[in-house]
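# Descriptive analysis of the structure
Each chain, written out:
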Amino acid sequence: MSSPSVSTTSAAVVARKSQRKSVAISLAFSLGYARGGLSCGAPDAKGVQTARSGVRESGMSKVAFLGLGVMGYPMAGHLAKAGHEVQVYNRTAAKAESWVAEFGGHTAPTPREAASGADFVMTCVGNDDDLRAICRGEDGALAGMDAGAVLVDHTTVSAEVTRELHALAGESGISFVDAPISGGQAGAENGQLVVMCGGEEEAYGRAEPVIAAYAKLCRLIGESGSGQMCKMVNQICIAGLVQGLSEGLHFGQKAGLDGRAVVDVIGGGAAGSWQMVNRYETMLDDMFEHGFAVDWMRKDLGICLKTADENGASLPVTALVDQFYKDVQKMGGGRWDTSSLIKRLNDKG
C-alpha cells in the first residue's frame, strides 16, 4: 500500500487542528461565558462600566492587593499591567517596595491604608490566622474599606473563617467573595490561574472582570464558603493523583523500564493527567523545586480532613497521603513540591 502524500497528510493535520480548535471554543463558551466564567461585565450605554459597579469611567478600578508571596506578587503585577490603579501591602515592606519598583503603583504601611478608597481589595496570604490579621482590627482592611467595595480572598483557608469574614464585612455594607486559586506559581506568573468562588452573584459579577487579569477560568460555585469547599475537592483529588503517579513511576523504575518511554505511551491514554504531563520528568530526575510546597499541602489537607469530620465525608486515601507528606517533611522536604511523594518511595526501597 502506498504512503499518503505530504499534501494529503498536511491537509489532514490542519483539519484535525481546526476541529480541535472548534471544540475548544465551544467548550470555552459552555464552561465560561454561558455559565458564569470570565465574562467581562455589563457595560453601560456608553460602553464603559460605571463606578457603581467598581469600575471607573476609565474602565479600570482602584485595587488594593494584600500579600505579595510567590502567588500574590505576580497576580498583583497582572492587575497593574492591565491598567488598574494598584496599591499593595506586605508584612515585609521591602517586598512591597520591590513590587512598586517593578510595576509602579503605591505601597501602604497597613492593610487599612492600602484598602482605603479601593473598589476591590484582594488578599492572598498564608492561613486562617494570617487572613484574620489583615482583615480585622483597627489596622485591618475592613476598617479602611468603604460601603459598596468588594473584598476578594484568594487564600486557601477554612470555610469557617470565610463565613466569619463574610458576615463581618456585610455589617459594613462590604461584599466578600472567597476565591481560592489553583495553578501554582507558574499559573500566577503566566496569568493562567483557575479561580473558584463563593458569595453573592452581584459581588462576584463585579469582581470577575478584575480577577480576569490573572485567570484563565473563574467560576461562581455557590454561596459564601463554596469556593473554599471547591478548593478542598481540588486538593483531595491532587493528593490521590500524585500518590498514584508516584507509585506508578516508582514501580516502573524497579521494573527496569524507561520512565519517559512509559509516560509517552500511557500519558495519551486513560492514565494521563496534568500532574503526569507537568511533573513526571522532574520526578524521574529527583528534582522537587517546581511547584506547590509540601508544607502548604499539609495545611490544605488538614482543612480538608477537619471539614470531613464535620460533614461526615469519608477520606481514607486523603488521610493516608497526608501522613505520607508528613514523612516527606521528616525527610527535610517541607519546601519540596508535592510531587516529592516519589522520593519517599524511592528512599524506602
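Residues numbered from 1 in each chain as written. Predicted model: local features only at pLDDT ≥ 70, side-chain atom pairs only at ≥ 80, totals over all residues. Heavy atoms only, no water.

### A look at the pattern of salt bridges
Basically, it comes down to this: Salt bridge, as used here: a side-chain nitrogen of Lys or Arg that lies within 4 Å of a carboxyl oxygen of Asp or Glu. A run of DSSP states H or I qualifies as a helix once it reaches four residues; a run of E qualifies as a strand once it reaches two. Both are numbered from the N-terminal end. Burial here depends on accessible area, computed with a 1.4 Å probe over protein chains only, as a share of the maximum for the residue type. Under 20% is buried, over 50% is exposed, and the range in between is partly exposed.
Applying the stated criterion across every chain yields a total of 13 salt bridges. A salt bridge links aspartate 322 to arginine 298, with the nearest nitrogen and oxygen atoms 3.1 Å apart. Here aspartate 322, found in helix α14 (residues 316–330), pairs with arginine 298, found in helix α13 (residues 294–311); they are 24 residues apart in sequence, far enough to count as distant. Classification of aspartate 322 as buried rests on a relative accessible area of 5%. A relative accessible area of 22% places arginine 298 in the partly exposed class. In this structure, the salt-bridge partner of lysine 306 is glutamate 310, at a minimum N-O distance of 2.7 Å.

### Topic: the packing of helix α11 (residues 259–266) against helix α12 (residues 274–284)
What counts is decided by this rule: To obtain each axis, a line is fitted to C-alpha atoms, and for helices this fit is confined to the stretch in contact; angles are then taken between N-to-C directions over 0 to 180 degrees. Roughly parallel means an angle under 35 degrees; roughly antiparallel means over 145; roughly perpendicular covers 65 to 115; every other angle is labelled oblique. Residue contacts are defined here by distance: any two heavy atoms, one from each residue, within 4.5 Å place the two residues in contact. Gly counts as polar in this scheme, as do all residues outside two lists: the nonpolar Ala, Val, Leu, Ile, Met, Phe, Trp, Tyr, Cys and Pro, and the charged Asp, Glu, Lys and Arg.
One way to put it is that α11 packs onto α12 with a least axis distance of 10 Å and a crossing angle of 170°. Between α11 and α12, the angle falls in the class roughly antiparallel. Taking contact as the criterion, the partners of Gly259, Arg260, Val263, Asp264 and Ile266 in α11 are, on α12, Met276, Tyr280, Glu281 and Leu284. For the contact of α11 with α12, a count of residues per class yields five nonpolar, one polar and three charged.

### Side note on unusual backbone geometry
With a phi angle near 60°, aspartate 286 is a residue other than glycine that sits in the positive phi range. Take aspartate 286: it is sitting in the loop between α12 and α13. Accessibility expressed as a relative area gives 40% for aspartate 286, which makes it partly exposed.

### Observations concerning the packing of helix α7 (residues 159–171) against helix α10 (residues 226–254)
We apply this condition: Should the near helix be turned anticlockwise from the far one by less than a right angle, the crossing is termed left-handed; should it be turned clockwise, right-handed.
The N-to-C vectors of α7 and α10 enclose an angle of 165°; their axes lie 8 Å apart at closest approach. Compared by their axis directions, α7 and α10 come out roughly antiparallel. Handedness of the α7/α10 crossing: right-handed. Note on element contacts: α10 touches α7 through Gln228, Met229 and Met232, opposite Ala159, Thr162 and Arg163. Residue composition of the contact of α7 with α10, grouped by class: three nonpolar, two polar and one charged.

### Here's the deal with α14
So the rule is basically this: By this rule the span expected of a helix is its residue count minus one, scaled by 1.5 Å. Regarding the arc, it is the one traced by the directions from the helix axis to the C-beta atoms.
With 15 residues, α14 extends 22 Å from end C-alpha to end C-alpha; this agrees with the ideal 21 Å at 1.5 Å per step. Listed in full, the buried residues belonging to α14 are Thr318, Val321, Asp322, Phe324, Tyr325 and Val328. Viewed along the axis of α14, the buried residues span an arc of 160°, placing them on a single side of the element. For α14, the exposed residues set more than 90 degrees away from the buried face come down to Pro316 and Lys330. In this structure, the buried side of α14 is in contact with α10, α13 and α15 (341–348). Just downstream of α14, glycine 332 is the residue with a positive phi angle, here 90°.

In short, the description is geometric, and any link to function would need to be established separately.
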